[in-house]
Amino acid sequence: MEDLIQKQNDFFASQQTKDINFRKQSLQRLMQEIKDREDAICDALYADFKKPKFEALATETQLVLAELNYAIKNISKWSSPTPVETSWTNFPSKDWIQPEPYGKVLVISPWNYPFMLALAPVVGAIAAGNTVVLKPSELSPNTSKIIAEIITKVFPREHVGVVEGGVEVSQELLSKKWEYIFFTGSTRVGQIVYKSAAEHLTPVTLELGGKNPCIVDESAQIKLAAKRIAWGKFINAGQTCLAPDYILVHESVKDLLVEQLKQQIQQFYGENVETSPDFARMATAKHYQELKESLKGQKLLFGGECNDTDQYISPTLVDAPDRQSALMTGEIFGPILPIIPYTTEADLDRYILSHAEPLALYVFSRKGDFQKKIMSRYRFGGGAINDTVIHISNKQLPFGGVGQSGMGGYHGKHSFELFSHHKSVVKRSNWLDVPLRYAPYKIPIRWVKKIRHLF
Ligand code: NAD
C-alpha cells in the first residue's frame, strides 16, 4: 500500500495526468476493455448473486460505458478555464476558474451494484486528471476480481490501482492521506469514512442509503404506478439504494394498489418467482438472514417465501408493519415492501419526518399541486414524480444524497466537477497600479464605506 501511494504521488507530480489527451486515451482503453469483457462481467455478477443478464447490462456495464463515452466526448470542454467578469478593484485584469485535479483519489464501493458503483466514480476521477486507488466490495468477490483484472490490464498502478479486501484493508487505506475520498455504502460506515478523512482534512463524497418513501395518492393512475413501483423495488431483488423502501398509499386506493402490485409481480416473474431467470438473490448470507428474520410476525399480503440454499426471498408485500419493527426502523434493502395506508397529509409527515433524510422520494399523483408540495416539503437526495429510480439514468442530474443519505452528487459533468478543485486565478496587468489600497491610507473613510460598489 505504501509503495502504491508513493508511486501515485510521484506520478501525479510528474504532471502526466494534466494532459487531456492522456486522460482521453486512458478512458478509451478502459472503455474498450469493458466492451471486450462485457459477457465475463455479467458472468461475475451472476456468480455473485444471480444477477440477471439484462439487469447486469442495463444497470451496470452500459451505465459505465455511457459515463465513459460522455466523459471522453466532453473532457476538453469541461477542463478549459472558464473566464469570469473581473472586479473593478483589480482593473485591469483577466479572471478565470481553472478546474484542477486534486491528486490521489480513494474510491470505496459496495456490493449491491458492484461493477457500476465501483467504476462510475473512477471514470469521473480519471476524467478530472486524478490518480485513483479503488477498493471494491469483498462481498461481491467475483465482480471484485474481474474489476481488479480490468484495471490492472488497462492502467499502470501509479495511475489507477485496485486494492482488494475487506474491512481491515478499507480501514488501512482510510488511515492514509488522500486528496479526495469517494465512498458509497452504508450511513454507519460513511461516518467512519468521514472521521478518517477529517484527520487529513480530505474532502469527501458520501453516497449513502436511507428509507425511501413512495407516496401514492387517490388520484394516481394505479395500474401504471404499480408497474413502475414493482420494477423499481424488485430490480436487483430490492438491493438498490434508490428502491422505494415503503409505500404510503391513500387508504381509498390501498386495496387496488395491492391487487395491481400482485398482478405486476406475476407478470414480471411468473407464478413461481424462484424459477424466473429475471430475479436475483440476496448477495450476502448475513443480510439474507436479517431480512428473513424481519418478516417474522408480519402480516403478509403477498410472497414471503425464502430458500436458504441460495438466499432467495420472493417479492413480498407487508401490510402496515409496526413502526418500531425492524422493517420500519432500518433500510430494508431487499424485495420486501411495506404498504402503509394514510388518510391526511399530516400522516405523511409523521412517517417521512420520523426518518432521516432519504436518498430518494417518489410520488404518484395526477394533482400538480400535490406533486409540487411533496417535492419541496421534504429533504431527500433526488426523486421522481410518477416513477421510481429512473432519475439515476439522466447524466444531467447530479446523483447523491443529503443529510444522512450523503453529500455530493456525481454523474456526467457533475462527476468531473466533483473530482476537480476549482482554482480561481486573476491575471493582473502591469501598466496600471492604482495606489489607493496601499498604506499610508489617504482615502476619506466615507469613500471606503462605498467601496463595495467596486467589488
Ligand atoms: P458498507 O458500508 O457495509 O460497505 C461499503 C464499503 O465499505 C465496502 O467496500 C466495505 O469493505 C467497506 N467497509 C465496510 N465496513 C467498513 C468499516 N468498518 N471501515 C471501513 N470500511 C468498511 O455498505 P454495503 O453493505 O456494501 O452497501 C449497502 C449500503 O450502501 C446500503 O446502505 C445502501 O443504501 C448504500 N448504497 C448507497 C448508494 C448510493 O449511491 N447512495 C449506492 C449503493 C448502496
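- The name given to the protein chain in an unreviewed UniProt entry is Aldehyde dehydrogenase, and the organism recorded there is Flagellimonas olearia.
- Taken verbatim from the UniProt record of the protein chain, the Sequence similarities (unreviewed entry) comment is "Belongs to the aldehyde dehydrogenase family."

Considering the packing of helix α9 (residues 222-234) against helix α10 (residues 254-269)
Part 1 of the reasoning: Between α9 and α10, the least distance of the axes is 8 Å, while the angle of their chain directions is 55 degrees. Between α9 and α10, the crossing angle belongs to the class labelled oblique. Our pair here, α9 against α10, has a crossing hand that is right-handed. Here Ile222, Lys223, Ala226, Lys227, Ile229, Ala230, Trp231 and Phe234 of α9 lie close against α10, whose contacting residues are Leu256, Leu257, Gln260, Leu261, Gln264, Ile265, Phe268 and Tyr269.
Part 2 of the reasoning: Here the contact of α9 with α10 is composed, by residue class, of twelve nonpolar, two polar and two charged.

Description of the UniProt feature "active site" (unreviewed entry) in the protein chain
Part 1 of the reasoning: If you check UniProt for "active site" (unreviewed entry), the listed places come out as Glu207 and Cys241 in our numbering. These annotated residues cover 35 residues of sequence, and their C-alpha atoms all fall within 9.3 Å of one another, placing them together at a single site.
Part 2 of the reasoning: By the secondary structure assignment, glutamate 207 is in strand β7 (residues 204-207).
Part 3 of the reasoning: For glutamate 207, a relative accessible area of 3% gives the class buried.
Part 4 of the reasoning: Ignoring any residue separated from it by four or fewer positions in sequence, one finds glutamate 207 in contact with Phe182, Phe183, Thr184, Gly185, Phe399, Gly400, Gly401, Ser405, Gly408, Gly409 and Tyr410.
Part 5 of the reasoning: Looking at the element boundaries, cysteine 241 is found in the loop between α9 and β9 (246-250).
Part 6 of the reasoning: With a relative accessible area of 15%, cysteine 241 lands in the buried category.
Part 7 of the reasoning: Those residues in contact with cysteine 241 that sit more than four places away from it in its chain are Asn112, Asn212, Glu331, Phe333, Leu359 and Phe399.

Analysis parameters
Residues numbered from 1 in each chain as written. Predicted model: local features only at pLDDT ≥ 70, side-chain atom pairs only at ≥ 80, totals over all residues. Heavy atoms only, no water. UniProt positions renumbered as here; feature names shortened; annotations may be inferred. Axes fitted to C-alpha atoms, helices over the stretch in contact; angles between N-to-C directions. Helix = DSSP H or I, 4+ residues; strand = E, 2+ residues; numbered from the N terminus. Parallel < 35°, antiparallel > 145°, perpendicular 65-115°, else oblique. Left-handed = near helix turned anticlockwise from the far one by under 90°. Contact = heavy atoms within 4.5 Å. Nonpolar A, V, L, I, M, F, W, Y, C, P; charged D, E, K, R; others polar. Buried < 20%, exposed > 50% of the residue type's maximum accessible area, 1.4 Å probe, protein only.

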